[in-house]
Amino acid sequence: MKQQIAKIISNLTGLSKDEIMNLIEIPPNSSMGDYAFPSFTLAKKFKKNPSDIASDLASKISDNDFEKVESSGPYINFFINRKIIAQKIIKKII
């Protein structure tokens, strides 16, 4: 999933996937999502407030593998769609 998140953010920002992979975090609390991406690094590139960047990017991300993608301050929080992921895994097993 981290690689999928890195690809999505890379396409939207122009940062390399490797840079993004190093920044993706697992939040300390599951209510904050399964993965989180801090937008502090993007603030220098876009010369905008990190919270505004996170909000803007989160609104542009649409992927069935994620139940929801939302911004929380300077973070973009990704919530995995467990049903879809389980179906994909079962298909691979079969």
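The rules we used
Residues numbered from 1 in each chain as written. Predicted model: local features only at pLDDT ≥ 70, side-chain atom pairs only at ≥ 80, totals over all residues. Heavy atoms only, no water. Pairing = 2+ DSSP bridges. Helix = DSSP H or I, 4+ residues; strand = E, 2+ residues; numbered from the N terminus. Polar contact = N/O pair within 3.5 Å; in protein donor to acceptor, adjacent residues only side chain to side chain. Contact = heavy atoms within 4.5 Å. Buried < 20%, exposed > 50% of the residue type's maximum accessible area, 1.4 Å probe, protein only. Arc of directions from axis to C-beta.

A. Just the pairing of strand β2 (residues 66–72), in detail. As paired elements, β2 and strand β3 (residues 75–80) share six bridges and run antiparallel to each other. Its bridge partner lying in β3, E70 is registered against N77. With antiparallel pairing between neighbouring strands as the criterion, β2 and β3 make up a hairpin whose turn holds two residues, including G73 at a positive phi of roughly 60 degrees.

B. View of the side chain of N81. Among the secondary structure elements, N81 is positioned in the loop between β3 and α5 (82–93). There is a polar contact of 3.4 Å between the side chain of N81 and the backbone oxygen of N64. For N81, the contacting residues outside a window of four places in its chain are N64, D65, F66 and E67.

C. Here's a closer look at helix α4 (residues 50–60). The complete set of buried residues in α4 reads P50, I53, A54, L57 and A58. Relative to the axis of α4, the buried residues are bounded by an arc of 125 degrees and lie together on one face. Of the exposed residues in α4, the ones pointing more than 90 degrees away from its buried face are S59 and K60. Against α1 (2–13), α3 (40–46), β2 and β3 lie the buried residues of α4.

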